Amino acid sequence: KYKAGMWLRDSTAGIGTLTFYNPSLDIVAGLGHGICDSDTGMLIPAESGQFVGAEIVGIKKSTADETGELHGIFSGGQMADMSKNSITGVYGVNCHNISGDVTAKIALKQEIKIGKAKILCTLDDEGPKYYDCVIEKAFANDASAVKNMIIKVTDKDLIAKTGGIVQGMSGSPILQNGKLIGAVTHVFVDDCTKGYAIFAENMLNTAQGVANEQLKAAS
């Protein structure tokens, strides 16, 4: 006999990194890649959601056999309403309680150089810190929206703590010559010190689109 049914996903939650807040647009952007269903691989529609603070309470290190992850708990108040879950990341509006000590201009993809850079990420209760990495490749002419650069973690302290790139570091800002050039997005399973990164320019373009949608809805 044939049977009919429904498969429902009523909510999702996780730990990721907020990449930037643009005060002129009043938009926050994070992750650098979309939130996808673990079974289908498809983007989850963002009917509603919130950006809230998180406290990192532990780290599972990456190994040759398994990708590690940051363990965290939600803490603090709401930072923004989630407005869009797109291929380039998650974006929020109605921002408040946003604070930070680092301001930077966004570099265009043509400005990015092969060589040394810094990853800014939070691994414990001491807050965000800079860690050394290298930009090995930048695909400025490629059509991909997300996998725009190949990066390699070279910082001994970061490798000692995490083994390289771990889940939860997605969205961690990458800076070069004082400018925001991108964000960590994916880890290479066969070498956890390497991974992909997205151009910050691509995330800014999506943020501009979100801001335009807000203006259109308000008019």
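For the structure itself, look to the data block above.
This write-up is about the structure you can find in this document. (Residues numbered from 1 in each chain as written. Predicted model: local features only at pLDDT ≥ 70, side-chain atom pairs only at ≥ 80, totals over all residues. Heavy atoms only, no water.)

Here's the deal with the environment of Asp124
Position of Asp124 relative to the elements: it lies in the loop between β6 (115-122) and β7 (128-138). As a C-alpha pair, Asp124 and Ile56 span 68 residues in sequence and 5.3 Å in three-dimensional space. In terms of polar contacts, Asp124 uses its side chain to reach the backbone amide nitrogen of Glu126, at 2.9 Å. (Helix = DSSP H or I, 4+ residues; strand = E, 2+ residues; numbered from the N terminus. Polar contact = N/O pair within 3.5 Å; in protein donor to acceptor, adjacent residues only side chain to side chain.)

Points about the pattern of salt bridges
The final tally for this structure, using the stated rule, is seven salt bridges. Between Lys60 and Glu66 there is a salt bridge, with its nearest N and O atoms 2.7 Å apart. By relative accessible area, which is 31% here, Lys60 ends up partly exposed. As a salt-bridge pair, Lys84 and Glu213 come within 3.8 Å of each other at their nearest N and O atoms. Placement of the pair is Lys84 in strand β4 (residues 69-86) and Glu213 in helix α2 (residues 200-218), with a sequence separation of 129 residues. Owing to a relative accessible area of 28%, Lys84 belongs among the partly exposed residues under this scheme. (Salt bridge = Lys/Arg side-chain N within 4 Å of Asp/Glu carboxyl O. Buried < 20%, exposed > 50% of the residue type's maximum accessible area, 1.4 Å probe, protein only.)

Some details on the pairing of strand β11 (residues 191-199)
Consecutive side chains of a regular strand alternate in pointing toward one face of the sheet and then the other. Taken together, the four bridges between strand β8 (residues 149-153) and β11 define a ladder with antiparallel strand orientation. Paired with Ile151 across the bridge in β11 is Gly195. Counting the residues between successive antiparallel strands, the hairpin from strand β10 (residues 179-188) to β11 contains two residues. (Pairing = 2+ DSSP bridges.)

Notes on the nonpolar core
Proteins that are soluble and globular tend to have nonpolar side chains buried together. Among the nonpolar cores identified, the biggest contains 23 residues, and Ile119, Ile135, Ile151 and Ile174 are the most heavily contacted of them. Broken down by secondary-structure element, the contributors of at least two residues to this core are β6, β7, β8, β10 and β11. In contact with Ile135, not counting residues within four places along its chain, are Ile112, Lys113, Ile114, Gly115, Ala117, Met149, Ile150, Ile151, Ile174, Gln176 and Ile181. Grouped together as the second largest cluster of nonpolar side chains are 15 residues, Ile27, Val146, Ala183 and Ala200 included. (Core = buried A, V, L, I, M, F, W, Y, C linked by side-chain atoms within 4.5 Å. Contact = heavy atoms within 4.5 Å.)

A look at the sheet that holds strand β9 (residues 173-176)
The six strands are arranged β6-β7-β8-β11-β10-β9 in a closed barrel whose pairing can be described as antiparallel. The average undirected angle you get between the axes of adjacent strands in this sheet is 45 degrees. Where β10 lies against β11, six bridges are found, and the strand directions are antiparallel. Within the sheet, the bridge partner assigned to Phe188 lies in β11 and is Asp191. Here α2 sits on the sheet in contact with β10 and β11, set at roughly 45 degrees to β11. (Axes fitted to C-alpha atoms, helices over the stretch in contact; angles between N-to-C directions.)

Looking at unusual backbone geometry
In this structure, Asn94 takes a positive phi of about 55 degrees despite not being glycine. Asn94 gets classed as partly exposed once you look at its relative accessible area, which sits at 47%. With a phi close to 55 degrees, Asn177 is a non-glycine residue in the positive phi region. By the element assignment, Asn177 lies in the loop between β9 and β10.

Notes on the pairing of strand β2 (residues 27-30)
Covered by surrounding structure in β2 are Ile27 and Ala29 together with Val28 and Gly30, the residues of both alternating faces. Relative to β2, strand β1 (residues 18-22) is paired through four bridges, and the arrangement is antiparallel. If you follow Asn22 over to β2, its bridge partner there is Ile27. The turn linking β1 back onto β2 is made up of four residues, and Asp26 within it adopts a positive phi angle of 55 degrees.

Description of the environment of Glu69
Position of Glu69 relative to the elements: it lies in strand β4. Between the C-alpha atoms of Glu69 and Gln167, which are 98 residues apart in sequence, the distance is 4.3 Å. Leaving out residues up to four positions away in the same chain, Glu69 has contacts with Gly58, Ile59, Lys60, Val166 and Gln167. Engagement of the side chain of Glu69 in a polar contact is seen with the side chain of His71, the distance being 3.1 Å.

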